[in-house]
Amino acid sequence: FYDFIPVSGGVLAVVGDVVGHGLEAALLMASTRSSLRQAAETITEPGDILKAVNRQLCRDTRDSGQFVTCAIMLLDSENRRFCWASAGHPAPIRHCRDTNTFSALSGKDMALGVEASWEYATRETEWPNPCESVVLTSDGAPDDHDEDGMFGINRLEASIARHASASAEVVAKGIVDDVLKHAIDGQVDDDMTLVVVT
């Protein structure tokens, strides 16, 4: 799932991935999204939001084997703050069109719904320049494969760079198209969820 949650000074962008499929996974997804929105009403730091959501989800997932990976990214244009937190999910990918370079936005904590006492870190870096874009993705894009292997992070970054001069919508569509071209018979094994900020 993905979401854009309005917060004071900006927006919170979210990408999450629930383990499993079917009704049980859908219910957990809906519960996670609701908890994220509720937490964001009173909590400002991404890591603290994930901490609150995790405590709630652990009550629902205890001994079930279910969990949710999630990355949230705060873009506070009022205060020019760019920070994020990750619960077992790939960190945002930051790309500069002018130099065609990628910045490693690293850091990954435990998935949601596993350990109620886990502390999630908020990581912060400088505000993006006008020539930069930031991409949040589920693992469905880099993990998709053909006979020669996974699409992978290198192909994903090449796809971002190839479409970087376009709008966020076109960048997202371009990445999906590239993954589908790579996939066997144009069929992917997992969902692809993308949030692109330009």
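Residues numbered from 1 in each chain as written. Predicted model: local features only at pLDDT ≥ 70, side-chain atom pairs only at ≥ 80, totals over all residues. Heavy atoms only, no water.

## Some words on the overall build of the chain
For the chain, the count of helices and strands is five helices and eleven strands. Contacts in the chain between residues far apart in sequence, at least 24 positions, make up 65% of those at least 6 positions apart. (Helix = DSSP H or I, 4+ residues; strand = E, 2+ residues; numbered from the N terminus. Contact = heavy atoms within 4.5 Å.)

## As for the environment of Val-197
Its place among the elements puts Val-197 in strand E11 (residues 194-197). On the accessibility criterion, Val-197 (22% relative accessible area) is partly exposed. Beyond its immediate chain neighbours, meaning those up to four positions away, Val-197 contacts Met-73, Leu-75, Glu-132, Ser-133 and Val-134. (Buried < 20%, exposed > 50% of the residue type's maximum accessible area, 1.4 Å probe, protein only.)

## With respect to the sheet that holds strand E2 (residues 10-18)
Taken together, the five strands give an open sheet; going across it, the order is E1-E2-E3-E4-E7, and neighbouring strands pair in antiparallel fashion. Edge strands, defined here as strands with exactly one partner in the open sheet, are strand E1 (2-7) and strand E7 (123-125). Each adjacent strand pair in this sheet contributes to an overall mean axis angle of 20°, direction not counted. Judged from the seven bridges that link them, strand E3 (residues 68-76) and strand E4 (residues 81-87) form a sheet pairing that is antiparallel. Looking at E4, one finds that Leu-74 is bridged to Cys-83. Sheet strands touched by helix H1 (residues 23-40): E1, E2 and E3. Its angle to E1, the strand with the most contacts, is close to 15°. Across the sheet, helix H2 (residues 46-61) is in contact with E2, E3 and E4; its angle to E4 comes to roughly 30°. (Pairing = 2+ DSSP bridges. Axes fitted to C-alpha atoms, helices over the stretch in contact; angles between N-to-C directions.)

## Some remarks on unusual backbone geometry
Non-glycine residue Arg-80 carries a positive phi angle of around 55°. Tracing the chain through its elements places Arg-80 in the loop between E3 and E4. Unusually for a residue other than glycine, Asn-100 sits at a positive phi of about 50°. In this structure, Asn-100 sits in the loop between strand E5 (93-96) and strand E6 (101-104). In this structure Asn-100 comes out as partly exposed when scored by relative accessible area, which is 46%.

## Thoughts on the pattern of salt bridges
Inspection of every chain in the model, using the stated rule, returns nine salt bridges. Two residues, Lys-51 and Glu-119, come together in a salt bridge whose shortest N-O distance is 3.1 Å. You can see Lys-51 sitting in helix H2 and its partner Glu-119 sitting in the loop between E6 and E7, a full 68 residues away along the chain. Taking relative accessible area as the criterion, Lys-51 reaches 23% and is therefore assigned partly exposed. (Salt bridge = Lys/Arg side-chain N within 4 Å of Asp/Glu carboxyl O.)

## Quick word on the pairing of E5
The side-chain alternation of E5 yields two buried faces, one formed by Ile-93 and His-95 and the other by Arg-94 and Cys-96. Pairing of E5 with strand E8 (residues 132-137), which is carried by four bridges, proceeds in the antiparallel orientation. Paired with Cys-96 across the bridge in E8 is Glu-132.

## Considerations on the nonpolar core
Core analysis: the biggest nonpolar cluster contains 24 residues, and Leu-36, Ile-49, Leu-50, Ile-72 and Leu-112 have the highest contact counts within it. When residues of this core are traced back to their parent elements, those giving at least two are E2, H1, H2, E3 and E4. Ala-13, Met-73, Trp-84 and Val-134 belong to the second-largest nonpolar core, a separate cluster that totals twelve residues. (Core = buried A, V, L, I, M, F, W, Y, C linked by side-chain atoms within 4.5 Å.)

## A few points about the packing of H1 against H2
Two elements in contact, H1 and H2, have axes separated by 9 Å at closest approach and are oriented at 145°. As for how H1 packs across H2, the hand of that crossing is right-handed. For the pair formed by H1 and H2, the contact residues are Leu-28, Ser-31, Thr-32, Ser-35, Leu-36, Ala-39 and Ala-40 on the first element and Ile-49, Leu-50, Ala-52, Val-53, Gln-56, Leu-57, Asp-60 and Thr-61 on the second. Its residues assigned to classes, the contact of H1 with H2 shows nine nonpolar, five polar and one charged. (Left-handed = near helix turned anticlockwise from the far one by under 90°. Nonpolar A, V, L, I, M, F, W, Y, C, P; charged D, E, K, R; others polar.)

Geometric values such as these leave the question of function open.
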